[in-house]
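What the coordinates show
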Amino acid sequence: MRLTQEQLEHFDREGYLFFPGQFTPQEMQALTAAVPELYGRREAYNVREKGSDAVRTNFAAHMVSEPFARLARHPRMVRPVMDLFDEEVYMHQFKINGKMAFEGDVWQWHQDYGTWLNDDLMPTERAMNVAIFLDDVNEYNGPLMFIPGSHKKGVVEAKHDLTTTSYPLWTVDNDLIRQLVERAGGKNGGIVSPKGPAGSMILFHSCLVHASTSNLSPWNRVSVYLSLCAVSNHIRRFKRPEFIAHRDFTPIACLPDDCLARPYPVDLPWKDGMPASALATSSDPIDHIRQAA
Ligand code: SIN
Ligand code: MN
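So, how was this worked out
Residues numbered from 1 in each chain as written. Chains lettered and ligands numbered in written order. Predicted model: local features only at pLDDT ≥ 70, side-chain atom pairs only at ≥ 80, totals over all residues. Heavy atoms only, no water. Pairing = 2+ DSSP bridges. Helix = DSSP H or I, 4+ residues; strand = E, 2+ residues; numbered from the N terminus. Axes fitted to C-alpha atoms, helices over the stretch in contact; angles between N-to-C directions. Buried < 20%, exposed > 50% of the residue type's maximum accessible area, 1.4 Å probe, protein only. Polar contact = N/O pair within 3.5 Å; in protein donor to acceptor, adjacent residues only side chain to side chain. Contact = heavy atoms within 4.5 Å. Phe/Tyr/Trp six-rings, centres within 6.5 Å; stacked < 30°, edge-to-face > 60°. Lys NZ or Arg CZ within 6 Å of the ring centre and 35° of its normal. Near = heavy atom within 4 Å. Core = buried A, V, L, I, M, F, W, Y, C linked by side-chain atoms within 4.5 Å. Donors = N, O, S within 2.8 Å, 3.2 Å for Na, K, Ca; no water.

1. Thoughts on the sheet that holds strand β1 (residues 16–19)
The sheet built from seven strands is open, its strands ordered β1-β10-β6-β12-β4-β3-β2 with antiparallel pairing. In this open sheet, the two strands that pair with only one neighbour each are β1 and β2 (46–48). Put simply, the sheet's adjacent strands are angled 15 degrees from each other on average, direction ignored. Pairing analysis gives five bridges linking strand β6 (residues 127–133) to strand β10 (residues 201–205), with the strands arranged antiparallel. Bridge pairing in β10 links Met-128 to His-205.

2. Here we look at the side chain of Thr-57
By the secondary structure assignment, Thr-57 is in strand β3 (residues 55–59). A residue is classified by how much of its surface remains accessible, and Thr-57, at 0% relative accessible area, is buried. Among the polar contacts listed, one links the side chain of Thr-57 to the side chain of Asn-97, at a separation of 3.2 Å. Here Thr-57 is in contact with Tyr-45, Asn-46, Val-47, Lys-95, Ile-96, Asn-97 and Trp-107, once residues within four sequence places are set aside.

3. A word on the packing of aromatic side chains
As enumerated under the stated definition, the model contains nine aromatic pairs in all. Aromatic pair Phe-146 and Phe-204: ring centres 4.9 Å apart, planes at 50 degrees, arrangement tilted. Linking Phe-146 in strand β7 (residues 144–146) with Phe-204 in strand β10, this pair joins segments that are 58 residues apart in sequence. With respect to class, Phe-146 is no different from Phe-204; both count as buried. Among the aromatic residues, those joined into a ring-pair cluster are Phe-59, Trp-107, Tyr-167 and Phe-243. Across from the ring centre of Trp-107, 3.9 Å away, lies the NZ or CZ of Arg-56, which sits over that ring.

4. Points about the site of ligand 1
Close contacts around ligand 1 come from Lys-95, Asn-97, Trp-107, His-110, Leu-144, His-210, Ser-212, Arg-221 and Tyr-225, and that covers them all. Here Asn-97 contributes a side-chain N or O atom positioned 2.9 Å from an oxygen atom of ligand 1. For ligand 1, an oxygen atom lies 2.7 Å from a polar atom in the side chain of Tyr-225. Counting residues per element, the ones that place at least two in the shell around ligand 1 are β4 (89–97), β5 (107–110) and β11 (210–212).

5. Side note on the nonpolar core
In terms of nonpolar packing, the biggest core is built from 52 residues, with Phe-68, Leu-71, Phe-94, Ile-96, Val-224, Leu-226 and Leu-228 touching the most fellow members. Examining the composition of this core, we find that six residues originate from one element, helix α2 (residues 25–40), more than from any other. Those residues in contact with Leu-228 that lie beyond four places of it in its chain are Met-77, Val-78, Val-81, Phe-85, Val-89, Tyr-90, Met-91, Ala-127, Met-128, Val-130 and Ile-252. With twelve residues, the next largest nonpolar core counts Trp-116, Cys-207, Cys-229 and Phe-249 among its residues.

6. As for the coordination of the manganese ion (ligand 2)
At the metal site, the manganese ion (ligand 2) is ligated by His-110 (NE2), Asp-112 (OD) and His-210 (NE2), and these contacts range over 2.1 to 2.2 Å. Each donor residue of the manganese ion (ligand 2) lies on one chain, and together they are spaced H-x1-D-x97-H. Here His-110 is found in strand β5, whereas its partner His-210 is found in strand β11, with 100 residues between them in sequence. Each member of the pair, His-110 as well as His-210, is classed as buried.

7. Regarding helix α4 (residues 75–85)
Of the residues making up α4, those classed as buried are Pro-75, Arg-76, Met-77, Val-78, Pro-80, Val-81 and Phe-85. Here the buried face of α4 lies against α2, α3 (66–71), β4, β6, β10 and β12 (223–230). Residue Asp-86 follows α4 closely and has a positive phi angle near 55 degrees.

8. Let's talk about the pairing of β3
Burial within β3 is extensive, with five of its five residues counted as buried. Relative to β3, β2 runs antiparallel, the two being bridged by three bridges. Its bridge partner being in β3, Asn-46 is matched across the sheet by Asn-58. Judged from the three bridges that link them, β3 and β4 form a sheet pairing that is antiparallel. Counted as the bridge partner of Phe-59 is Lys-95 from β4.

Structure below.
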């Protein structure tokens, strides 16, 4: 799948691309079916909502689950990002966000690159999210909201919020959000929220400011996010555990386009549990660690 000139221009201007119905219901089946068992595991890689047993985020399913390992190598998700960067990419982060019916909590306004820079020392913004809906997303179940064009601002000021939700995030304050929304058109398009059937895909810039509200509806809003980073732009610090910010910078080798319909073999390195090293962290930059070793 190659991006058209029109799509490239839309991405440059708005900071995102939306592909409704990018995957068929048949392709989604094995992925959706695998989620309850993954969410049921009592493992560090399942982060639950504050004061609830509902899973907010499951990390690194591509290391333990065959359907998700195939999705992580799907050309319809990975190739557009390689095209945009004109470089091979590796998996920086892989998550399945629950946003479960009645329980799914907010994601405050933030840029992903803010966290990747501040926590992981990722050198530049040459990394990108590709999201795929496992459930239908509508206006009631907490769709992602974007401020179009906000990626053009580069890295904006953020503070480390450790208390609002169960997951720490570098968040942008309300005054700046007000300004960015106004600049993007205010009530006329200053916030957009792509909605569509399960199987829809969104690709968005790592500096695009985004958020989502809580899910008070009776419908889950499970979505998968691949965070793909240009190989030359790999992180320089392992301050977060490896299941959150990966340390294997090997370029992704895509499978054929029908890989969600056929059982192509995939490696599952953490199938029998994560190694202790995946939990170890350090505040030293890796160049420093390498020199010291
Ligand atoms: C995120 O920004 O990482 C998640 C937002 C969401 O799933 O709504
Ligand atoms: Mn985000």
